[in-house]
Amino acid sequence: MTTRLCADAAEAVAGIQDGATVLVGGFGMAGMPVALIDALIRQGAEDLTIVSNNAGNGDTGLAALLAERRVRKVICSFPRQSDSYVFDALYRAGEIELEVVPQGTLAERMRAAGAGIGAFYCPTGVGTPLAEGKETRVIDGRAHVLEYPIRGDVALIGAHRADRMGNLVYRKTARNFGPVMATAATLVVAQVREVVEIGGIDPETVVTPGIYVDRVFVDQVLEDRVSQEARAC
Amino acid sequence: MTTRLCADAAEAVAGIQDGATVLVGGFGMAGMPVALIDALIRQGAEDLTIVSNNAGNGDTGLAALLAERRVRKVICSFPRQSDSYVFDALYRAGEIELEVVPQGTLAERMRAAGAGIGAFYCPTGVGTPLAEGKETRVIDGRAHVLEYPIRGDVALIGAHRADRMGNLVYRKTARNFGPVMATAATLVVAQVREVVEIGGIDPETVVTPGIYVDRVFVDQVLEDRVSQEARAC
Amino acid sequence: MLTKHQMAALVAADIPRGAFVNLGIGLPTLVADHLAADSGVVLHTENGMLNMGPAAHGEQIDPDLTNAGKVPVTELPGASYFHHADSFAMMRGGHLDICVLGGFQVSAAGDLANWHTGEPDAIPAVGGAMDLAIGARRVFVMMTLFTKTGEPKLVPRCTYPLTGLACVDRVYTDHAVFELGARGVVVRETFGMGVEELAERLEVPLSGFASAEPGRDEA
Amino acid sequence: MLTKHQMAALVAADIPRGAFVNLGIGLPTLVADHLAADSGVVLHTENGMLNMGPAAHGEQIDPDLTNAGKVPVTELPGASYFHHADSFAMMRGGHLDICVLGGFQVSAAGDLANWHTGEPDAIPAVGGAMDLAIGARRVFVMMTLFTKTGEPKLVPRCTYPLTGLACVDRVYTDHAVFELGARGVVVRETFGMGVEELAERLEVPLSGFASAEPGRDEA
């Protein structure tokens, strides 16, 4: 229950089981827990279900995990990207399952998991192929689709700063899925750029309270990388 | 669509119609929009439905509105308090309707209204008198009650500080219902202690984005009152 | 037979280090006074705060900072604030380790009645009781075992309107601590009154001590 | 016949002062370049921001700050950040005044198809398109009126998989602006091609100009 500060990324992802459902934060590179994904690749768990907005880009990160045939299924809103060739090839070969979920419904289904909501009626997607086979109901004259929670065994998220109690703040649009995923998984691991002492984050500005965070890993490399990118551009 | 800064409380509550559903923020006195409630009393709208955590205390605020027979129905979690004698008397005389809603369900039903969720299955209250007559469904082995959104025509909320775009921050536990109610009503009026220029609130710390806020009224009196109370105690 | 403060101390001793806990209004608030300073227990208050501190006094009092009972409180380092929907999402979503509630009645099956006497003239007021009852991972109830007129409050079936079904894990009373679950009602500790006497005065079937050593929980 | 930038300027001129607007990926992003500096229009990006500024260049580029197309952007004074569930709650809850989307096809009834070509080999990817289509108070679609091979994209019934049912209010094309609603498909403005010629090339029944003066919207 107390948040643990991990010495390295391997410790941060230790214990992830074969067959686990892993929520992976980030939207593009913003908020993407790169070091944790790399550590998961090394860690070895397979037969995974990955829930993330995208399905990997280029040859690194999620794409590298996919390339190692470690992922059975991807649940995401937007698998197809200019450089999603690893996913594309696996999908076309019938070697990976795909569940496409509208982006807002993806977020809301994880929120439902975290908030103890059993299911909800959602107007998104009504009359489209993504609603096929789903229960529908007209409420107040408007058609809705019944959507169920998406729960993770693990969430890997990227945040900006943590305190030693696991309270998190994010930075700009890198916030995206992190706070929602943090509520929706049994084991929540946050990669951050720095850890401050308790009291070092203003209680009014905490976005993810420490109650949701099990492990924190400070990725110095990421911090350097971001600074370099910012300087390089 | 643009947030209007109101010169006085009368302007802030202008146009509230007879029969309106009014969401009123606050938990105890924390976050209670006292000046706006007083202005609503003067404004004269009647046959109101009030949605708030409580049903008025003593002889002022909501209790005074009730005493003027302006409220047809109260939707709240906790009407009975040591000094809720105005409500108690009206209720026992059969002169006011009451819908008691578990506090978390009250908040979630307003969130659903603000978030475009048609209805949701909630485990709270199953098997209790508050679930009587409601549709239930077993999901993943657990019974749930189907709950519908609570939408306001108006929300009156108390916040700490606004900028001129209507972005709001709250203070400590005075945050309570304000951010949720701000998403759930057609006309949202915020009473604040100060207004700062655009750019005067750190974008990372905004709790209620200005998109939700139609009118802002600076209550100097409240500010003074709070300072005095703080000093007096 | 325990005093209220002794009961509170007993509950406090059973809360694991670092647990996230909500203390209901009334009797349960006493538990806070008995948590060790280094327990690392984080208190949640459903009006939107984690890491709530003790009651505020004198110049500490801030009208913007109260607990769920509307009593002025303080803030501990590492606190966080959130709105009501987020606060109850935290509760309903099963993120709190323990909540401690008062009770009018608890049934052998773990049903809880603590919000409404059911009297025709009573005005129903539930607050956050139903959310807490079904939300926390473990629900502890703290109550006297008998009413002032001697009626048992641990009962075969609640006669008061329910707060939640099969939600109570443990009942702390002035006479005994009971564990509810698959094995029925297990007497965990007694204070003065023996198990036989308890069995005589209660109408629910009781099992004996859960273990040879009725000690404190492991963290 | 309008260029893309002329279409974008037309859309921009129709956005009321102070409106909260989401501009979809692709063609709609051009609209931002044509909003008057004093328009007070607030741009929403579904990855969690209000009051997004123009694209970032050089030293402004911050990997933590992008739009929904993952292009680095800037922040305007009065901005706010929020997480994905809150961002789509804002959208789904009807708080955005307008969203502008690209389109593969729009039907006379306002159905939109803009996410999937339906080809067997195509990998489905919806992003936020369905949420936007049903969420904003008014949905403007910006697209060329004909495909590269001359097929109309304003059609009696979409043949591509749908994004949303009866959700489009207005269609901005290079040849004309159409208003969809209770009166069917109303031609609001034309650019070169007359209404008769349009009626000939499209298979949907058209009404004439919505008003004598096909002018801009009132704010």
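The structure contained in this document is the topic of the report that follows. Small disclaimer: the values here were computed from a predicted structure and weren't measured.

## Observations regarding the overall build of chain A
Piece 1. Of the regular secondary structure elements, chain A holds seven helices and 14 strands.
Piece 2. Whereas a compact globule of 233 residues would reach a radius of gyration of roughly 17 Å, chain A reaches 18 Å, a difference of no more than 12%.
Piece 3. Along the first, second and third principal axes, the C-alpha atoms of chain A reach 50 × 40 × 40 Å.
Piece 4. The buried share among the 233 residues of chain A stands at 65%.
Piece 5. Sequence separation of at least 24 residues holds for 73% of the intrachain contacts in chain A that already meet a minimum separation of 6.
Piece 6. A total of about 8300 Å² of accessible surface is found on chain A, and carbon and sulfur atoms cover 48% of it.
Piece 7. Here chain A contributes 23 positive and 29 negative side-chain charges, whose respective centroids are spaced 3 Å apart.

## Section: the overall build of chain C
Piece 1. In terms of helices and strands, chain C carries four helices and 13 strands.
Piece 2. Computed over the C-alpha atoms, the radius of gyration of chain C is 17 Å, within 12% of the 17 Å expected from 2.2 N^0.38 for a compact globule of 219 residues.
Piece 3. With the principal axes as the frame, chain C shows a C-alpha extent of 50 × 45 × 35 Å.
Piece 4. A total of 219 residues make up chain C; the buried ones form 58% of that total.
Piece 5. Sequence-distant contacts, at least 24 apart, represent 60% of the contacts inside chain C between residues at least 6 apart.
Piece 6. When the accessible surface of chain C is totalled, it reaches about 8500 Å², and 54% of it is carbon and sulfur.
Piece 7. Separation of charge centres in chain C, based on 14 positive and 26 negative side chains, amounts to 3 Å.

## Examining the side chain of Asn67(D)
Residue and element names in this part refer to chain D.
Piece 1. As for its position among the elements, Asn67 is in the loop between strand 3 (49–55) and strand 4 (73–81).
Piece 2. Note on Asn67: relative accessible area 14%, which makes it buried.
Piece 3. At 2.8 Å, the side chain of Asn67 and the backbone nitrogen of Gly69 are in polar contact.

## Some points on the interface of chain A and chain B
For interface size, the figure often reported is the accessible area lost on association.
Piece 1. In this assembly, 23 residues from chain A lie in contact with 23 residues from chain B.
Piece 2. Taken over both partners, the interface formed by chain A and chain B buries close to 1800 Å², and the fraction arising from carbon and sulfur atoms is 41%.
Piece 3. Of all residues in chain A, Tyr121(A), Arg137(A) and Glu204(A) give up the largest surface area on contact with chain B, accounting jointly for 28% of the area buried on that side.
Piece 4. Our count for the contact surface shared by chain A and chain B stands at six salt bridges.
Piece 5. Between Arg175(A) and Glu204(B) there is a salt bridge, with the nearest N and O atoms lying 3.5 Å from each other.
Piece 6. Taken together, the links from chain A to chain B amount to 13 residue pairs in polar contact (both at pLDDT 80 or more).

## A closer look at the sheet that holds strand 9 (residues 154–155) of chain D
Residue and element names in this part refer to chain D.
Piece 1. Ordered in space as 7-6-9, the three strands form an open sheet in which the pairing is mixed. The sheet is open, and its two borders are formed by strand 7 (112–113) and strand 9, each paired with just one other strand.
Piece 2. Taken together, the two bridges between strand 6 (residues 105–107) and strand 7 define a ladder with antiparallel strand orientation. Its bridge partner lying in strand 7, Val106 is registered against Leu112.

## Topic: the interface of chain D and chain A
Piece 1. Facing 40 residues of chain D, the contacting portion of chain A comprises 48 residues.
Piece 2. Taken over both partners, the interface formed by chain D and chain A buries close to 3600 Å², and the fraction arising from carbon and sulfur atoms is 61%.
Piece 3. Here chain D and chain A share six salt bridges between them.
Piece 4. Arg92(A) is the partner of Asp121(D) in a salt bridge, and the nearest nitrogen-oxygen pair spans 2.9 Å.

About the cut-offs
Counting restarts for each chain, with residues numbered from 1 along the sequence as it is written. To label them, take the chains in the order written and letter them from A, then take the ligands in the order written and number them from 1. Where totals are concerned, whole chains, interfaces and linings use all residues; where local detail is concerned, this predicted model gives features only for residues with pLDDT of at least 70, and gives and counts side-chain atom pairs only at 80 or more. As a rule here, side-chain values cover all heavy atoms of the structure and leave hydrogens and water aside. Secondary structure elements follow DSSP: runs of H or I no shorter than four residues count as helices, runs of E no shorter than two count as strands, and numbering proceeds from the N terminus. Within these notes, the globule rule equals 2.2 Å times the number of residues to the 0.38 power, and the radius of gyration is based on C-alpha atoms. Each residue gets one of three labels from its accessible area relative to the maximum for its type: buried under 20%, exposed over 50%, partly exposed in between, using a 1.4 Å probe on protein chains only. Contacts: residue pairs with any heavy atoms within 4.5 Å of one another. For the accessible areas, the method is Shrake-Rupley and the probe is 1.4 Å, while residue cover comes only from the protein chains on display. A residue counts as positive if it is Lys or Arg and as negative if it is Asp or Glu; His and the chain ends are not included. By convention, the charge on Lys lies at NZ, on Arg at CZ, on Asp at CG and on Glu at CD. Here a polar contact is taken to be a pair of N or O atoms separated by no more than 3.5 Å, where protein atoms must pair a possible hydrogen donor with a possible acceptor and residues adjacent in sequence count only if both atoms sit in side chains. Simply put, the buried area is the total loss of 1.4 Å probe accessible area from both parts when two parts are fitted together. Salt bridges are defined by distance alone: a side-chain nitrogen of Lys or Arg within 4 Å of a carboxyl oxygen of Asp or Glu. Criterion used throughout: strands pair if DSSP finds at least two bridges between them.

Purely geometric stuff here, so don't read any function into it on its own.
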